[in-house]
Amino acid sequence: MRVALFITCVNDALRPRTGQAVVALLERLGVRVEFPMDQSCCGQPQYNTGYRHETEPLVRRFARAFAGYDHVVTPSGSCVAMVRDHYPRIGAKAAAEGRGGGLAAAVAEVAPRTRELTEFLVDVLGVTDVGAYYPHTVTYHPTCHGLRALRLGDRPRRLLRAVRGLELVELPGAEECCGFGGTFAVKNAAVSAAMGVDKARSITATGAAAVCTVDTSCQTHIGGTLSRLGSAVRPVHIAEILASTEEEQW
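So, how was this worked out
- Residues numbered from 1 in each chain as written.
- Predicted model: local features only at pLDDT ≥ 70, side-chain atom pairs only at ≥ 80, totals over all residues.
- Heavy atoms only, no water.
- Pairing = 2+ DSSP bridges.
- Helix = DSSP H or I, 4+ residues; strand = E, 2+ residues; numbered from the N terminus.
- Axes fitted to C-alpha atoms, helices over the stretch in contact; angles between N-to-C directions.
- Buried < 20%, exposed > 50% of the residue type's maximum accessible area, 1.4 Å probe, protein only.
- Arc of directions from axis to C-beta.
- Contact = heavy atoms within 4.5 Å.
- Salt bridge = Lys/Arg side-chain N within 4 Å of Asp/Glu carboxyl O.

## Structural notes on the sheet that holds strand 8 (residues 234-237)
With respect to topology, four strands assemble into an open sheet ordered 6-5-7-8, the strand pairing being parallel. For this open sheet the edge positions go to strand 6 (167-169) and strand 8, each flanked by a neighbour on one side alone. Direction aside, neighbouring strands of the sheet carry axes that sit 35 degrees apart on average. Judged from the three bridges that link them, strand 5 (residues 137-140) and strand 6 form a sheet pairing that is parallel.

Shown next, in the form of structure tokens:
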């Protein structure tokens, strides 16, 4: 099985250890992970801002970079949603505008093989106990793309419940958006910040030591808000929890 890691812009720029945790986790499970050096942004910021034509070169680049792999795995629910939900629409519109079916064909080949980390673990590898050890109280925030676009359901919680030493505390209003929303946080900064405060207060009220997400972007937004409110709760990506063992804590 050939597996490629798609690291995403936010992980690369802000939290590269998340990608390292993914590799450590998958290799511990016997998966050989490759990193195509030609990968770049999936085009989500451009597309969400209305620049569909400008997104197309990034779609083509993604399809080329990850051609031939059995699975493309990424620690980002929002980027997987971009590839699986929006790439087919971009390809179809390019064909409808008379620019050929090449883009649609490339998308059809790569999109179904692109999976968010917890999907890959549960659905492809068939595991929920990954041998992790994380002796902390954790609450889980289901990000919007993971919840509504990918329908991850209880996959992340099943993985977290199997972690030795971890106590999972339910988050009140868990399904409410944290307020990030990509470019929404830039265009509607005041609303985004207010939503972030609501989410951060709910997280702090759980008494958990850490809050876990499947998206670094939401993790960063929540973490910044928690810091500004003086909360001691630590934002952490699920990959870092699952990669942790008694010998090494991520």
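## A closer look at the pairing of strand 3 (residues 71-74)
Going residue by residue along strand 3, you find H71 and V73 tucked away on one face and V72 and T74 tucked away on the opposite face as well. Summarising the sheet, strand 1 (residues 3-5) and strand 3 pair through three bridges and their orientation is parallel. Across the sheet, residue V3 finds its bridge partner in strand 3, namely H71.

## Describing helix 6 (residues 102-110)
Looking only at helix 6, the buried set comprises L103, V107 and V110. Down the axis, helix 6 shows its buried residues gathered within 75 degrees of arc, on one side only. Opposite the packed face of helix 6, turned more than 90 degrees from it, sit the exposed residues G102 and A108.

## Digging into the sheet that holds strand 3
Reading across the sheet, the four strands line up as 2-1-3-4 and stay open at both edges, with parallel pairing between neighbours. One side of each edge strand has no neighbouring strand; the edge strands of this open sheet are strand 2 (33-34) and strand 4 (114-116). On the sheet, helix 2 (residues 16-28) packs against strand 1, strand 2 and strand 3 and is oriented at approximately 160 degrees with respect to strand 1. Strand contacts of helix 5 (residues 77-96): strand 3 and strand 4, with the helix running at about 155 degrees to strand 4, the strand carrying the most contacts.

## A word on the pattern of salt bridges
All told, the structure shown has eleven salt bridges when counted by the stated rule. The salt bridge partner of E56 is R60, with a shortest N-O separation of 3.8 Å. Here R60 and E56 lie together in helix 4 (residues 52-65), a separation of four residues that amounts to about one turn. Notably, a salt bridge pairs R99 with E97, separated by 2.4 Å at the nearest N-O pair.

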